[in-house]
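Structure assessment
Below are the chains, spelled out letter by letter.
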Amino acid sequence: MEIERKYLIHQLPENLEQYPSHKIEQGYLNTNPVVRIRQSDDEYYLTYKGGGLLAREEYNLPLTEEAYLHLRPKADGIVLSKRRYLIPLTEKLTIELDVFDTPYRGLILAEVEFEDMESALSFTPPQWFGEDVTLSGIYQNSLLSRGVAAVKPVWD
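Summary of the structure given here. Throughout this document, residue positions are counted from 1 along each chain, in the order its sequence is written. Per-residue local features are limited, in this predicted model, to residues with pLDDT of at least 70; the limit for side-chain atom pairs, both in listing and counting, is 80 or more; totals at the level of whole chains, interfaces and linings are taken over all residues. Working from all heavy atoms in the structure, the side-chain values ignore hydrogens and water.

Before going further, it helps to spend a moment on the side chain of Glu111. Structurally, the position occupied by Glu111 is in strand S9 (residues 108-113). For Glu111, a relative accessible area of 6% corresponds to the buried category. Polar contacts, as counted here, are pairs of nitrogen or oxygen atoms within 3.5 Å of one another; within protein the pair requires one atom able to donate a hydrogen and one able to accept it, and residues that are adjacent in sequence qualify only if both atoms are side-chain atoms. Only 3.0 Å separates the side chain of Glu111 from the side chain of Lys6, close enough to count as a polar contact. By the convention used here, residues are in contact when the closest approach between their heavy atoms is within 4.5 Å. Look past the residues within four positions of Glu111 in its chain and what remains in contact with it is Glu4, Arg5, Lys6, Arg84, Thr94, Ile95, Glu96 and Asn141. Comment: elements are numbered from the N terminus, with helices defined as DSSP H or I runs of at least four residues and strands as E runs of at least two. Per-residue accessibility, obtained with a 1.4 Å probe over protein chains only, is compared with the maximum for each type, and a residue is labelled buried under 20%, exposed over 50%, and partly exposed between these values.

Put into C-alpha coordinates, the structure is as follows:
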(Lines give C-alpha, C1' and ligand atoms only; values in the text may rest on other atoms or scores of the structure.)
Protein backbone atom coordinates (compact mmCIF):
# COMPACT_ATOMS: atom_id res chain seq x y z
CA MET A 1 0.00 0.00 0.00
CA GLU A 2 1.33 3.40 -0.99
CA ILE A 3 0.23 6.29 1.24
CA GLU A 4 1.56 9.65 0.11
CA ARG A 5 0.81 13.35 0.00
CA LYS A 6 1.80 15.57 -2.91
CA TYR A 7 2.57 19.30 -2.95
CA LEU A 8 3.33 21.97 -5.53
CA ILE A 9 6.67 23.66 -4.99
CA HIS A 10 7.14 27.24 -6.16
CA GLN A 11 10.82 27.65 -5.37
CA LEU A 12 13.62 25.10 -5.10
CA PRO A 13 15.24 24.78 -1.69
CA GLU A 14 18.79 26.10 -1.33
CA ASN A 15 21.74 23.71 -1.67
CA LEU A 16 19.66 21.14 -3.56
CA GLU A 17 22.81 19.61 -5.05
CA GLN A 18 23.85 18.33 -1.59
CA TYR A 19 21.07 15.71 -1.66
CA PRO A 20 21.17 12.42 -3.54
CA SER A 21 19.19 12.40 -6.77
CA HIS A 22 18.09 10.06 -9.54
CA LYS A 23 17.34 10.69 -13.20
CA ILE A 24 13.93 9.13 -13.88
CA GLU A 25 12.16 8.39 -17.13
CA GLN A 26 8.74 6.77 -17.05
CA GLY A 27 6.00 5.84 -19.45
CA TYR A 28 2.52 4.46 -19.01
CA LEU A 29 1.28 1.34 -20.76
CA ASN A 30 -2.12 1.90 -19.17
CA THR A 31 -3.54 4.64 -16.96
CA ASN A 32 -6.63 2.94 -15.49
CA PRO A 33 -5.40 0.90 -13.72
CA VAL A 34 -1.91 2.37 -13.85
CA VAL A 35 0.74 0.17 -15.44
CA ARG A 36 4.01 2.07 -15.59
CA ILE A 37 7.53 1.38 -16.78
CA ARG A 38 10.36 3.32 -15.17
CA GLN A 39 14.07 3.79 -15.58
CA SER A 40 15.75 5.23 -12.50
CA ASP A 41 19.43 5.70 -13.29
CA ASP A 42 20.42 2.16 -14.32
CA GLU A 43 17.50 0.32 -12.67
CA TYR A 44 14.27 -0.63 -14.45
CA TYR A 45 10.79 -1.42 -13.09
CA LEU A 46 7.27 -2.31 -14.10
CA THR A 47 4.75 -0.91 -11.61
CA TYR A 48 1.05 -1.56 -11.08
CA LYS A 49 -0.93 1.03 -9.11
CA GLY A 50 -4.54 0.64 -8.05
CA GLY A 51 -7.09 3.43 -7.84
CA GLY A 52 -7.01 6.20 -5.26
CA LEU A 53 -5.25 9.46 -4.48
CA LEU A 54 -3.97 9.47 -0.89
CA ALA A 55 -3.66 5.68 -0.54
CA ARG A 56 -3.55 2.94 -3.18
CA GLU A 57 -2.11 -0.45 -3.95
CA GLU A 58 1.33 -0.49 -5.54
CA TYR A 59 3.44 -3.39 -6.80
CA ASN A 60 6.91 -3.05 -8.34
CA LEU A 61 8.56 -5.72 -10.46
CA PRO A 62 12.14 -5.51 -11.71
CA LEU A 63 12.75 -5.27 -15.46
CA THR A 64 15.89 -5.74 -17.48
CA GLU A 65 17.15 -2.86 -19.61
CA GLU A 66 16.23 -4.91 -22.67
CA ALA A 67 12.64 -5.38 -21.47
CA TYR A 68 12.33 -1.68 -20.62
CA LEU A 69 13.60 -0.63 -24.06
CA HIS A 70 11.18 -3.10 -25.69
CA LEU A 71 8.20 -1.66 -23.75
CA ARG A 72 9.15 2.03 -23.98
CA PRO A 73 7.79 2.59 -27.54
CA LYS A 74 4.49 1.03 -26.41
CA ALA A 75 3.89 3.75 -23.81
CA ASP A 76 0.77 5.84 -24.36
CA GLY A 77 1.28 9.58 -24.46
CA ILE A 78 4.30 11.42 -23.12
CA VAL A 79 7.27 9.59 -21.63
CA LEU A 80 8.00 11.75 -18.59
CA SER A 81 11.50 12.77 -17.58
CA LYS A 82 12.49 14.29 -14.25
CA ARG A 83 15.22 14.57 -11.64
CA ARG A 84 14.18 13.25 -8.20
CA TYR A 85 15.99 14.60 -5.14
CA LEU A 86 15.76 12.71 -1.84
CA ILE A 87 15.65 15.19 1.02
CA PRO A 88 15.53 13.82 4.59
CA LEU A 89 12.71 15.39 6.61
CA THR A 90 12.63 13.30 9.80
CA GLU A 91 14.09 9.99 10.89
CA LYS A 92 11.20 8.22 9.10
CA LEU A 93 10.18 10.68 6.36
CA THR A 94 11.90 11.66 3.13
CA ILE A 95 10.81 14.32 0.67
CA GLU A 96 10.91 13.10 -2.93
CA LEU A 97 11.31 16.34 -4.86
CA ASP A 98 10.60 15.94 -8.59
CA VAL A 99 11.91 18.59 -10.99
CA PHE A 100 10.35 17.88 -14.38
CA ASP A 101 11.89 18.24 -17.83
CA THR A 102 10.12 19.31 -21.03
CA PRO A 103 7.17 19.40 -21.70
CA TYR A 104 6.58 20.11 -18.00
CA ARG A 105 9.76 22.11 -17.45
CA GLY A 106 9.22 24.33 -14.43
CA LEU A 107 6.85 21.91 -12.70
CA ILE A 108 8.19 20.92 -9.28
CA LEU A 109 6.34 18.48 -7.04
CA ALA A 110 7.17 17.12 -3.60
CA GLU A 111 5.84 13.78 -2.38
CA VAL A 112 6.08 12.37 1.12
CA GLU A 113 5.26 8.70 1.79
CA PHE A 114 3.84 7.56 5.12
CA GLU A 115 3.64 4.31 7.04
CA ASP A 116 -0.05 4.76 7.89
CA MET A 117 -3.07 6.97 7.22
CA GLU A 118 -2.93 8.62 10.65
CA SER A 119 0.59 9.90 9.95
CA ALA A 120 -0.44 11.14 6.51
CA LEU A 121 -3.50 12.97 7.80
CA SER A 122 -1.67 14.63 10.70
CA PHE A 123 1.35 15.71 8.62
CA THR A 124 2.37 19.37 8.76
CA PRO A 125 4.45 20.19 5.67
CA PRO A 126 7.59 22.36 5.76
CA GLN A 127 6.95 26.06 5.17
CA TRP A 128 8.54 26.00 1.72
CA PHE A 129 5.90 23.55 0.45
CA GLY A 130 3.12 25.06 -1.65
CA GLU A 131 -0.43 23.89 -2.24
CA ASP A 132 -1.40 20.35 -1.19
CA VAL A 133 -2.56 18.75 -4.47
CA THR A 134 -2.91 15.19 -3.16
CA LEU A 135 -6.67 14.96 -3.54
CA SER A 136 -6.99 16.98 -6.76
CA GLY A 137 -5.45 14.20 -8.85
CA ILE A 138 -4.41 16.58 -11.65
CA TYR A 139 -0.74 16.19 -10.79
CA GLN A 140 -0.68 12.40 -10.95
CA ASN A 141 2.12 11.38 -13.29
CA SER A 142 -0.22 9.06 -15.19
CA LEU A 143 -2.43 12.06 -16.04
CA LEU A 144 0.57 14.23 -16.90
CA SER A 145 1.68 11.53 -19.36
CA ARG A 146 -1.60 11.89 -21.23
CA GLY A 147 -0.94 15.60 -21.75
CA VAL A 148 -4.43 16.53 -20.58
CA ALA A 149 -3.63 17.90 -17.14
CA ALA A 150 -4.41 21.55 -16.50
CA VAL A 151 -0.91 22.06 -15.11
CA LYS A 152 0.45 25.50 -14.39
CA PRO A 153 4.22 25.04 -14.01
CA VAL A 154 6.28 27.39 -11.93
CA TRP A 155 8.71 28.61 -14.58
CA ASP A 156 12.31 28.98 -13.48
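A few words now on the pattern of salt bridges. Should a side-chain nitrogen of Lys or Arg be within 4 Å of a carboxyl oxygen of Asp or Glu, the pair is scored as a salt bridge. Per the stated rule, a full pass over the model turns up twelve salt bridges. The partner of Arg72 in a salt bridge is Glu25, and the shortest N-O contact between them spans 2.7 Å. Within this pair, whereas Arg72 is found in the loop between helix H1 (65-71) and strand S7 (76-88), its partner Glu25 is found in strand S2 (residues 21-31), the two being separated by 47 residues in sequence. Glu25 gets classed as partly exposed once you look at its relative accessible area, which sits at 21%. A salt bridge links Lys92 to Glu115; the nearest nitrogen and oxygen atoms lie 3.9 Å apart.

Another aspect to go through is the sheet that holds S9. Strands pair, by our definition, only if DSSP identifies at least two bridges between them. The strand order across the open sheet formed by nine strands is S5-S1-S9-S8-S7-S2-S3-S4-S6, and the pairing between neighbours is antiparallel. Taken across any chain shown, the strands that pair with only one partner, and hence form the sheet edges, are strand S5 (55-56) and strand S6 (58-63). Taken together, the two bridges between strand S1 (residues 2-8) and S5 define a ladder with antiparallel strand orientation. Paired with Glu2 across the bridge in S5 is Arg56.

Take the buried Ala, Val, Leu, Ile, Met, Phe, Trp, Tyr and Cys residues and link them wherever side-chain atoms come within 4.5 Å; each set so joined is a nonpolar core. By size, the foremost hydrophobic cluster in this structure holds 18 residues, and its most contacted members are Ile95, Leu97, Val112, Phe114 and Phe129. Sorting the residues of this core by element identifies S1, S7, strand S8 (94-100) and S9 as the ones contributing at least two each. Setting aside its immediate chain neighbours within four residues, Val112 contacts Ile3, Glu4, Arg5, Leu93, Thr94, Ile95, Phe123 and Phe129. Judged by nonpolar contacts, the second largest core, of eleven residues, contains Val34, Phe100, Leu107 and Leu109.

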